[in-house]
Amino acid sequence: MKYFVVLLPMLDEEKSKQYRQDHLDYLAKKDAEGHVFAKGRFVDGFGGMVIYIAGDLAIAESIAKEDPYVVKGARTYEIHEWEMTTRAVLPE
């Protein structure tokens, strides 16, 4: 499996608020399917980022395009394959 970073820049803040729960529910579903490595928002209001796990770019892109934020025009997306070279171990 490969990792794909999906940046979700803000297009419409009101739509983003309106469809937030749909977006979170979608990510929870994709996480349960084993497709989400990490996710979160940017504190500066830019939007957010999801790192998806998928077999190839086409699968990752289809997942990104089905995000309610993208479908409803709240956010756009930019996708890049990512090669993780180091994983940090955080203290407990």
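Use the structure listed above.
Residues numbered from 1 in each chain as written. Predicted model: local features only at pLDDT ≥ 70, side-chain atom pairs only at ≥ 80, totals over all residues. Heavy atoms only, no water.

Q: What exactly am I supposed to notice about helix α2 (residues 20-32) here?
A: Counting along an α-helix, one turn takes 3.6 residues, and residues three or four places apart therefore face a common direction. Between its first and last C-alpha, α2 extends 18 Å over 13 residues, near the 18 Å set by a 1.5 Å rise per residue. His23, Tyr26, Leu27 and Lys30 are the residues of α2 that are buried. An end-on view of α2 places all buried positions within 100 degrees of arc, on one side of the element. On the buried face of α2, the contacting elements are β1 (2-9), β2 (36-41), β3 (47-54), α3 (57-65) and α4 (68-71). Remark: Gly34 follows α2 within two positions and exhibits a positive phi of approximately 85 degrees. (Helix = DSSP H or I, 4+ residues; strand = E, 2+ residues; numbered from the N terminus. Expected span 1.5 Å × (residues − 1). Buried < 20%, exposed > 50% of the residue type's maximum accessible area, 1.4 Å probe, protein only. Arc of directions from axis to C-beta. Contact = heavy atoms within 4.5 Å.)

Q: Quick question: what am I supposed to make of the sheet that holds β1 here?
A: Spatially, β2-β3-β1-β4 is the arrangement adopted by the four strands of the open sheet, whose pairing is antiparallel. One side of each edge strand has no neighbouring strand; the edge strands of this open sheet are β2 and β4 (78-82). Mean inter-strand twist for the sheet, computed between neighbouring axes without regard to direction, equals 15 degrees. Pairing analysis gives eight bridges linking β1 to β3, with the strands arranged antiparallel. What sits directly across from Leu8, in β3, is Gly48. (Pairing = 2+ DSSP bridges. Axes fitted to C-alpha atoms, helices over the stretch in contact; angles between N-to-C directions.)

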